[in-house]
Amino acid sequence: MLQEPLFHISHDACIKCYSCVRICPVKAIRVDVNTELPSIIPERCIGCGSCYRSCSPHAISFRSSIEETKSILASGKKVAAICDPTISGEFHDITDYRKFVEMIRQLGFTYVNEASFGVDLVAFKYKELFENFRGKYHFTANCPSVVAYIEKYYPELITNLAPIVSPMVATAKVVRQKYGSDVQVVFIGPCISTKDEALKFEGDATINAVLTFVELRQLFNEFNIRESQLEFSEFDAPLGYKGSLYPISNGFLQAADINENLLTGTVITTEGRNNMLHAVKEFDSRIELIRRNFNIFYDEGCLMGPGTSPGGEKFLRMTLVTDYANKRLVSFDKDVWEDEIASFAHLDLSRQFEPDDQRLPVPDDEKIEEVLKMISREGHMDNEVGCESCGYSNCRDLAIAITQGLATTEMCHVFSGHNRQEYIQTLRSTNENLATTKAALKESEEKAKHEQEAQKESAEIITTMLQNLLSGVVIVDDDLKIYQSNKAFIRIVGEEAAMIDEVIPGLVGADLKSLLPVHFYKMFSYVLTSDEPIENKDVQFGDIKLGVSIFPIRSHKYVGGILRDMYVPEVRKEQIITRLTEVIDENFEMVQKIAYLLGEGASKTEQMLNSVIDSYKNPGKK
Ligand code: SF4
Ligand code: SF4
């Protein structure tokens, strides 16, 4: 059956703190360049659960086996629970392990077995392997995260993995031999990566589901199973012996009676993320000098595995494990155990490993230097300098991860700090520019408002003046449609215009051709086309004589006309003044001749003509 990935990151809950990226020992978490959100790359993951433990907003979850277990229990088949010996460290809130066994039975399990018997079986195999040294040193292969790490990141070392199944698989084989091949097996343990390990086995080694202790507690709650309501119940045979010390890393060696003596022994035990990483690295490069087998675990012993309840105290758990082992030994029947061991001695507990190389090509130095320059860390090419806050042990490793597409430049604090400063600076100057622009805008808005008001005012003045002029004024567009006209124009044009004015004040839009005779409006057409003014032309319009001036206002677009009724006394007087002035100005020579003929001086004649003008301007003046 296709399984979903072991771990999943909820992007809704993620706060982008990158704790997971920092803690992941194999850089199996890629940060998306655009969203800056982390995602786990399942092929690269070794299932250690460090990311899951480090994520404070609980954005990381692991594949649950609760529903799977419930359906196995409901299948009607016999189901065996195999309990990891770490139960003693985890379930110290349950007063007696026999109550714990009964609680599991209450869930519907037919058999409840101890994985510590599997530990005992496997321990014999290790003793044999280590004591019959044939020139090759080994890693113990009990921790699935260690196995996955070597398969994926040191595939050339897989032949150094002890070719022995884990206690979980060994116990599954024991259970099937004892209860029949159709029995379903559910392993209950402290580890999350066993969920993936279980998928690799079939036949009598099949593990049908793996529950962590946390999931088991959820099932107890869901089915309301409490120890206070239950009686004691013992584990089903075969019972384990010193395998109950397995949760403590070197407890496994004690279970196998393997020599741990520093002077004479051949096995080094180490545990914890960093120790495990260093151990494999040193094994790879220095095993000829080290000349030891490595008993290694990813966690600080299985008792601190990621499937245990959070907040566990290591040394308390260690004490609980040893107390439990001692308690069990009080009534332990070693003869029975030896018989059981003998009856399962023929089981095939061998195992092969498959290389699954997940190493990424390392970019060339030029590319790395380019990235280092980008994050302002040039010169950090050869040394091991780095604050490690990005999750990589030095700047060079981060640069490599960036080129491999696993990390982003923003993960470097120096880079993002620098960027932030630049951003703040840009923001500040943008804000300043914005404030200046805003002020300028306000100023020009006010200016425009004043200009608009001034324009409106002057338009009103001009309109008032226009309306009160004695002369008729009309402005037409290039279609000879009236744009504006005054009262005097309407009066000159006559009754028809006055009627239109009542409906359309100022005759706006009326056709000039319908109001004036052909010879008259053609003068407007002429000025529109030629762009040349017509000045003071006398035009007969019905009974009245008009002094007409037509002039372009906007070239070929608008023309204006001024019509003076020559019979209106003021106009007439004004007209005579204008014309006499023109005569004096333009025909001064002629004035001199007239003066000569009259026998007068030119200046006297001019004086005389000016007095005529004066008398027209000021009729009462003597
Ligand atoms: S630890 Fe990882 S998954 Fe959890 S919030 Fe931080 S970045 Fe997100
Ligand atoms: S489980 Fe371990 S290896 Fe997998 S992503 Fe998390 S930290 Fe990395």
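A brief look at the structure comes next. (Residues numbered from 1 in each chain as written. Chains lettered and ligands numbered in written order. Predicted model: local features only at pLDDT ≥ 70, side-chain atom pairs only at ≥ 80, totals over all residues. Heavy atoms only, no water.)

**Looking at the overall build of the chain**
Turning to step 1, where the next piece is worked out: Regarding its fold elements, the chain presents 23 helices and 15 strands.
Turning to step 2, where the next piece is worked out: Counting over 622 residues, the chain shows a buried share of 47%.
Turning to step 3, where the next piece is worked out: Partitioning the intrachain contacts of the chain with sequence separation of at least 6 by distance along the chain shows that 68% fall at a separation of at least 24.
Turning to step 4, where the next piece is worked out: As displayed, the chain has an accessible area near 32800 Å², and 52% of this comes from carbon and sulfur atoms. (Helix = DSSP H or I, 4+ residues; strand = E, 2+ residues; numbered from the N terminus. Buried < 20%, exposed > 50% of the residue type's maximum accessible area, 1.4 Å probe, protein only. Contact = heavy atoms within 4.5 Å. Areas by Shrake-Rupley, 256 points an atom, 1.4 Å probe, with all protein chains shown as cover.)

**What about the site of ligand 1?**
Turning to step 1, where the next piece is worked out: Ile9, Cys14, Ile15, Lys16, Cys17, Tyr18, Ser19, Cys20, Pro38, Cys55, Pro57 and Ile60 make up every residue found near ligand 1.
Turning to step 2, where the next piece is worked out: When the residues that make up the shell around ligand 1 are grouped by side-chain class, the tally is 10 nonpolar, one polar and one charged. (Near = heavy atom within 4 Å. Nonpolar A, V, L, I, M, F, W, Y, C, P; charged D, E, K, R; others polar.)

**Structural notes on helix α13 (residues 314–330)**
Counting along an α-helix, one turn takes 3.6 residues, and residues three or four places apart therefore face a common direction.
Turning to step 1, where the next piece is worked out: Here α13 is 17 residues long and its end C-alpha atoms lie 25 Å apart, about the 24 Å a rise of 1.5 Å per residue gives.
Turning to step 2, where the next piece is worked out: Listed in full, the buried residues belonging to α13 are Lys314, Arg317, Val321, Tyr324, Ala325 and Arg328. Seen along its axis, α13 keeps its buried residues to an arc of 100°; they face one direction. Exposed and oriented more than 90 degrees from the buried face of α13 are Phe315 and Val330. (Expected span 1.5 Å × (residues − 1). Arc of directions from axis to C-beta.)

**Quick word on a negative patch on the surface**
Turning to step 1, where the next piece is worked out: A cluster of acidic residues, Asp333, Asp335, Glu338 and Asp339, forms a negative patch on the protein surface.
Turning to step 2, where the next piece is worked out: Note on placement: Asp335 falls in helix α14 (residues 334–343). (Patch = residues over 30% accessible without salt bridge, like charges linked within 9 Å, V, L, I, M, F, W, Y side chains within 5 Å. Salt bridge = Lys/Arg side-chain N within 4 Å of Asp/Glu carboxyl O. Lys, Arg positive; Asp, Glu negative; His and termini not counted. Charge placed at Lys NZ, Arg CZ, Asp CG, Glu CD.)

**Overview of the sheet that holds strand β11 (residues 472–477)**
Turning to step 1, where the next piece is worked out: Read across the sheet, five strands follow the order β12-β11-β15-β14-β13 without closing on themselves; strand pairing throughout is antiparallel. Of all the strands in the sheet, just β12 (482–485) and β13 (534–541) have a single pairing partner and so form its edges. Recorded for the sheet is a direction-independent mean angle of 25° between the axes of neighbouring strands.
Turning to step 2, where the next piece is worked out: Packing against the sheet, helix α20 (residues 518–530) makes contact with β11, β13, β14 (544–554) and β15 (558–565), and its axis sits at approximately 160° to β13. (Pairing = 2+ DSSP bridges. Axes fitted to C-alpha atoms, helices over the stretch in contact; angles between N-to-C directions.)

**Focus: the side chain of Ser471**
Turning to step 1, where the next piece is worked out: In this structure, Ser471 sits in the loop between α17 (413–468) and β11.
Turning to step 2, where the next piece is worked out: Ser471 has contacts with Asn486, Ala488, Ile562, Leu563 and Arg564, leaving out every residue within four places of it along the chain.

**Looking at the pattern of salt bridges**
Turning to step 1, where the next piece is worked out: Considering all chains together, one arrives at 23 salt bridges under this definition.
Turning to step 2, where the next piece is worked out: A salt bridge links Lys127 to Glu131; its shortest N-O distance comes to 2.8 Å. Of this pair, Lys127 and Glu131 both sit in helix α6 (residues 115–131), four residues apart, which is roughly one turn of the helix.
Turning to step 3, where the next piece is worked out: Between Glu370 and Lys367 there is a salt bridge, and its shortest N-O distance comes to 3.7 Å. One end of the pair, Glu370, and the other, Lys367, are both in helix α15 (residues 365–374), three residues apart, so they sit about a helical turn from each other.
Turning to step 4, where the next piece is worked out: Residue Lys367 is classed as partly exposed on the basis of its relative accessible area of 39%.
Turning to step 5, where the next piece is worked out: Among the charged side chains, a network of salt bridges with common partners joins Glu67, Lys70 and Glu222.

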